[in-house]
Structure formats: structure tokens, C-alpha cells
Amino acid sequence: NWLLADFYNVPAAKSTKAPILTKKIIDYAANCCTSMMILDDIHFLKMHNRSAEALNNHLKSLANSISATFIYAGIDCTGTGLLTEGYRVEKVQFSQTRHRFKIFEMYPFSITKEEGRASYQQVLEFIESNLLLLKQPPGALFESHGSYIIERTGGFMGAIMTLLREAGHTAIMTGQECITQNALQNIKLDFDSEERFKQYQARRKAMSSHSKE
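The notes below deal with the structure included here. The written sequence of each chain sets the order in which its residues are numbered from 1. It should be noted that, the model being predicted, local features are given only for residues of pLDDT at least 70 and side-chain atom pairs only at 80 or more, the latter also being counted only at that level, while totals for whole chains, interfaces and linings use all residues. Side-chain numbers here rest on the full set of heavy atoms in the structure, without hydrogens or water.

### Focus: the packing of helix H5 (residues 114-129) against helix H7 (residues 157-174)
At a minimum axis separation of 12 Å, H5 and H7 run at an interaxial angle of 35°. When the axes of H5 and H7 are compared, the crossing they make is right-handed. Contacts between H5 and H7 involve Tyr120, Val123, Leu124 and Ile127 from the former and Met157, Ile160, Met161 and Leu164 from the latter. Three residue categories are used. Nonpolar comprises Ala, Val, Leu, Ile, Met, Phe, Trp, Tyr, Cys and Pro, charged comprises Asp, Glu, Lys and Arg, and polar comprises the others, including Gly. Split by residue class, the contact of H5 with H7 holds eight nonpolar, no polar and no charged. Axes here refer to lines fitted to C-alpha atoms; in helices the fit is confined to the stretch in contact. Angles between the N-to-C directions go from 0 to 180 degrees. For helices the rule is a DSSP run of H or I covering at least 4 residues; for strands it is a run of E covering at least 2, with both sets numbered from the N terminus onward. Each crossing gets its hand from how the near helix is turned against the far one by less than a right angle, where anticlockwise is left-handed and clockwise is right-handed. The contact criterion used is simple: two residues touch if any of their non-hydrogen atoms lie within 4.5 Å.

What follows is the structure in C-alpha cells.
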């Protein structure tokens, strides 16, 4: 409640009781014409204790009171017990969350199919437009470095953002003011991305040796 109150800048004393604060949040959400509520890292809400159950019930109450679409984002949401609200197998049908939400699976970016390639290009172009580099040619991230970025990051958004953020910083610090292949190659990413890239390089090297034979 206090996180939401802070987001809406709700004036309330720290002694404000939960029901009153909840009412204020609902009123502010309506006054601000809130149409969407996004809650990230929802996988931390594991339905095996009373506090998680209480929070889940509170979220359901807010969803009933605020005229907005609620979106939960997290890892393996079905495996956390969130959708079943901790009910035993024989009582899963009692879960309101299970009946209220649709599941949309998210996958890493890929350029093997046209649809995925188009989405990936749009993301890179959006990132590029926000880099504010003086000499960055429009569209160069995708046209010149798109395949390499996929190889380095496995298509995972977090790794892509880290790679391009650090490459942009390098471009500014060196005065080049554009993303270069050399800058991308010299950036160290997270352990998982680096290991995946090593495996990719090993497979490509093996395939190259085989084709020569």
C-alpha cells in the first residue's frame, strides 16, 4: 500500500490505517484515469505462507476496485503456486487468480523467423533512438550489429540492455559517439550470457572444421 501511495503521491500520515490508505489509493487511481497496473517480480510471491496469501487477497481486492487491467510479470508464474493460490490439487478450482488471468509466455528474441526478426529490429531501433550518440547512424544497431548482439546475449532483454548501455557509455567516454563492433566485443556480460556465447563459438568452430574436411 505504501509503495502505491508513494507512486501516486498520496498525502497520508504514517499512522494511517490500511483500509483508509487502500481507499485513498483507489480514489487516486480513478482520478488519474489509471488503465493498467503492472506488478513485476511476482514470482517472489510464493503461496506457502500467510503473508503471501494476505498480499494476494489484497491485490485481488484492488483489481476488483480499480478499473484497470492488472498485469503480473515474473519467472515461472505457474510453478510458484500463484495461480492456484496455494490450494491443494483437489481444490485448485477454488482459485480466483487461476480463473482471472491469461498466461502469455515470453521468449528470448530471435531472428530465425520474420516475425521475430521484425520485433527484434523494432526494439533495437527504439534503444538506438534513446542512446543520444552524436555519430550513431540510424538503423546501424540492427543492420551492422543485430546478429552479433543476438549471439552475445542469446536474445535475452536484460543482457541486450546491459550490452548496449555499456557500449553507449564506451562510445561517449572514447569520443567515438557511436556503437562499434570492437566496443561490443570488449564488454563482459553476465556469467550465463558469457557461457552461452562460448558454447556458440565452440559449435561454430566445430561446424567450420567439419565443412573443411
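### With respect to the pattern of salt bridges
The working definition used for a salt bridge is a side-chain nitrogen of Lys or Arg within 4 Å of a carboxyl oxygen of Asp or Glu. For the structure on display, the rule yields five salt bridges. We note a salt bridge from Glu194 to Arg152, for which the minimum N-O separation is 3.1 Å. On the criterion of sequence distance, the pair formed by Glu194 in helix H9 (residues 191-212) and Arg152 in helix H6 (residues 140-153) is long-range, its members being 42 residues apart. Relative accessible area decides the class of each residue, using a 1.4 Å probe on protein chains only: under 20% of the type maximum gives buried, over 50% gives exposed, and in between gives partly exposed. Residue classification places Glu194 among the buried residues on the basis of a relative accessible area of 15%. A relative accessible area of 2% places Arg152 in the buried class.

### Regarding the environment of Leu184
One can find Leu184 in helix H8 (residues 181-185). Each C-alpha atom, one on Leu184 and one on Ile149, is 8.2 Å from the other, the two residues being 35 residues apart in sequence. With residues up to four places along the chain from it excluded, the contact list for Leu184 reads His145, Tyr148, Ile149, Arg152, Leu163, Leu164, Ala167 and Ile179.

### A short note on H5
Along its 16 residues, H5 runs 22 Å from first to last C-alpha, staying within 8% of the 22 Å computed at 1.5 Å per residue. Within H5, the full set of buried residues consists of Tyr120, Val123, Leu124, Ile127 and Glu128. One side of H5 holds all its buried residues, which, seen down the axis, span an arc of 135°. More than 90 degrees from the buried face of H5, the exposed residues found are Glu114, Glu115, Gln122 and Phe126. Tucked inside the fold, the buried residues of H5 contact H6 and H7. For a helix, the expected span equals 1.5 Å multiplied by the residue count minus one. When we speak of the arc, we mean the arc of directions from the helix axis to the C-beta atoms.

### Concerning a nonpolar patch on the surface
A residue counts toward a patch only above 30% relative accessible area and without a salt bridge, and it is joined to like-charged neighbours within 9 Å or, for Val, Leu, Ile, Met, Phe, Trp and Tyr, to nonpolar neighbours within 5 Å. Every accessible area reported is derived by Shrake-Rupley at a probe size of 1.4 Å, with residue values counting cover from the shown protein chains alone. Residues Met36, Ile38 and Ile71 make up a contiguous nonpolar surface patch of roughly 280 Å² in combined accessible area. Taking the relative accessible area as the measure of exposure, Met36 reaches 44% and is therefore partly exposed.

### Thoughts on unusual backbone geometry
Positive phi is not limited to glycine here, since Cys33 has a value of about 55°. Along the polypeptide, Cys33 turns up in the loop between helix H2 (18-31) and strand E1 (36-39). Residue Cys33 is classed as exposed on the basis of its relative accessible area, which comes to 64%. A positive phi angle is found at Leu132, which is not glycine, with a value near 55°. Under the relative-accessibility criterion, Leu132 is labelled exposed at 70%.

Interpretation in functional terms is not warranted from these geometric data alone.
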